[in-house]
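Remarks on the overall topology
As a plain string of letters, each chain reads:
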Amino acid sequence: YHPVVKQARLISTEGEIKLLKARGAFDPKLEVDYSRKKFKNTDYYEKLNSTFKIPTWYGIELKANYENNDGTYLNPEFNTPENGLYSVGVSASLAKNLLINERMATLRQAKLYTQQAQAKQALLVNEILYMAIDRYFNWLKNYQSKQIYEDYVKNARIRFNNVKASFAAGDKPAIDTLEASINLKNRALELEKAKLGYIKSSLELSNYLWLDNSLPLELEENTIPDSKTLQQIDLVLNSSLLNSSEGLISNHPKLQELRLKKESLNIERQLKMNNLLPTVNIQYNFLTTDLGNTSYLNAANFKSGLSLSFPLFLRKERADLKLAKLKLQDIDFTILSTQLSLKNKVESTIKEMESYTTQYSMLLAIVNDYKQLVKSEERKFSLGESSLFLVNYREVKLIETQLKEIDTEYQLFRSKSNLLRAINKF
């Protein structure tokens, strides 16, 4: 229900509307032309000419015509029988505009544009889903960081109370209470920063939550991310995607869009080539005064015509054709560069995923080791064999490593979603 997703659907609708418009060029047409002149009680002329035309796919047009003219000063060329004159015939282009013309090219390009619109829609929807997932991962990362600092604030408070009690009992020096107090304040400060980051990431994620009636939603305070996200995202990715990058991008919407654009430019090139031909238009119409009797339609009564035109130098037509060929070369280069770019992006993302997976496993082991180290140091401190400084130092290193673990997990999530984004599989 996101507005951008709804906007993406409008692209397909626009393509369908353009296709409907292009098909309108083949609609039958009815034309009526009536004119009359009367002056000083004299009917100079009264002319009625009505035509029904049916365009066809090639440069051929079927026509039916009724003509009824009368008047004192009517041009003899326009004289008709008393009941008018009917004609049925055809007009055609014999050279230019026969196999392809502006009307045909526009309709073919409109059909391609509809397919292009679907590819553009897929790209836009894929992008908005990627952004939503990325914001979710960032929300999860900030939530985990906040949890870590909440735990260590509790530990720091317990440690401060214990040290203060030991000082009161004469077991610890006063300097230890000061150090424990500083440590508690530092943990509380870091927790406050983590809370701010979590609130901001929650609001950023809320940008992608919408109801059907374009009503935006906000995350409730008690809503938390799923702690099993890592396992669940692995279910989304098919392991076969990691085997080869070739098959992943062959049907990519971006490449589909460019190939369809090339087809459209090729139609334009054919049209420009057609313009090099001479214009030869012919028409032939059978004439009759009785449309209900087809026997009157014979070769003896007819109206025909021929028109011919041809530019001598064809400079405009040749220039248009060269420009059309340049556009085709340009789109070929764009397709090649896009294909290589997508291939390299997929391969680099796969390598990135493998690296982050290894780093994440190593950091899990390091975190476990640091936890044992902190636990041992706390045990030694309780026995009087260590100092509060060393305990805090070990704990700082543990926190840093845990934050690295969370950040690496976030980068792993991002690399997996980047792969889905690159191959347009959201």
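Everything in this summary refers to the structure shown in the same document. (Residues numbered from 1 in each chain as written. Predicted model: local features only at pLDDT ≥ 70, side-chain atom pairs only at ≥ 80, totals over all residues. Heavy atoms only, no water.)

With that out of the way, let us pick up the environment of N301. Mapped onto the fold, N301 is located in the loop between β5 (279–288) and β6 (302–309). As for N301 and F286, which are separated by 15 residues in sequence, their C-alpha atoms are 6.1 Å apart. (Helix = DSSP H or I, 4+ residues; strand = E, 2+ residues; numbered from the N terminus.)

Here the focus is the sheet that holds strand β2 (residues 42–55). Hydrogen bonding along the main chain pairs the strands of a sheet, whether they run parallel or antiparallel. Taken together, 6 strands build an open sheet; the order of strands is β1-β2-β3-β4-β5-β6 and the sheet is antiparallel. Bordering the open sheet on either side are β1 (29–39) and β6, each of which pairs with just one other strand. Mean inter-strand twist for the sheet, computed between neighbouring axes without regard to direction, equals 15 degrees. Of the pairings in the sheet, the one linking β5 to β6 comprises 8 bridges and is antiparallel in character. Across the sheet, the residue bridging to Q283 is G305, located in β6. (Pairing = 2+ DSSP bridges. Axes fitted to C-alpha atoms, helices over the stretch in contact; angles between N-to-C directions.)

Take the packing of helix α2 (residues 102–168) against helix α6 (residues 253–274) next. At a minimum axis distance of 8 Å, the contact between α2 and α6 shows a crossing angle of 170 degrees. Classed by the angle they form, the pair α2 and α6 counts as roughly antiparallel. Taking contact as the criterion, the partners of E102, A105, R108, Q109, L112, Q115, Q116, A119, K120, A122 and L123 in α2 are, on α6, P253, K254, E257, L260, K261, E263, S264, I267, E268, Q270 and L271. Of the residues in the contact of α2 with α6, the class split is 9 nonpolar, 5 polar and 8 charged. (Parallel < 35°, antiparallel > 145°, perpendicular 65-115°, else oblique. Contact = heavy atoms within 4.5 Å. Nonpolar A, V, L, I, M, F, W, Y, C, P; charged D, E, K, R; others polar.)

This part takes up the pairing of β1. Here 11 bridges tie β1 to β2, and the two strands are oriented antiparallel to one another. The residue bridging R36 from the neighbouring strand is E46, located in β2. Hairpin remark: β1 followed by β2, antiparallel, with 2 residues in the connecting loop; positive phi at K40, about 50 degrees.

On the surface, a cluster of positive charge is contributed by R315, R318, K322 and K325. Positionally, R315 belongs in helix α7 (residues 315–382). (Patch = residues over 30% accessible without salt bridge, like charges linked within 9 Å, V, L, I, M, F, W, Y side chains within 5 Å. Areas by Shrake-Rupley, 256 points an atom, 1.4 Å probe, with all protein chains shown as cover. Salt bridge = Lys/Arg side-chain N within 4 Å of Asp/Glu carboxyl O. Lys, Arg positive; Asp, Glu negative; His and termini not counted. Charge placed at Lys NZ, Arg CZ, Asp CG, Glu CD.)

Let us now look at the side chain of S12. Within the secondary structure layout, S12 lies in helix α1 (residues 3–23). In this structure the side chain of S12 is engaged in a polar contact, spanning 2.4 Å, whose partner is the side chain of Q121. (Polar contact = N/O pair within 3.5 Å; in protein donor to acceptor, adjacent residues only side chain to side chain.)

Turning our attention to the packing of aromatic side chains. In this structure the tally under the stated criterion is 11 aromatic pairs. Here F39 and Y44 contribute two aromatic rings whose centre-to-centre distance is 6.3 Å and whose plane-to-plane angle is 70 degrees, an arrangement assigned as edge-to-face. Judged by relative accessible area, which is 44%, F39 ranks as partly exposed. By relative accessible area, which is 23% here, Y44 ends up partly exposed. Centroid distance F137 to F413: 4.8 Å. Interplanar angle 35 degrees. Geometry classified as tilted. Of the two residues, F137 is situated in helix α2 and F413 in helix α8 (residues 388–422); the sequence distance between them amounts to 276 residues. (Phe/Tyr/Trp six-rings, centres within 6.5 Å; stacked < 30°, edge-to-face > 60°. Buried < 20%, exposed > 50% of the residue type's maximum accessible area, 1.4 Å probe, protein only.)

Two numbers describe how α2 lies on helix α3 (residues 174–206): the axes approach to 8 Å, and their chain directions differ by 160 degrees. Relative to α3, α2 is oriented roughly antiparallel. As for how α2 packs across α3, the hand of that crossing is left-handed. For the contact of α2 with α3, the per-class residue count stands at 19 nonpolar, 9 polar and 11 charged. (Left-handed = near helix turned anticlockwise from the far one by under 90°.)

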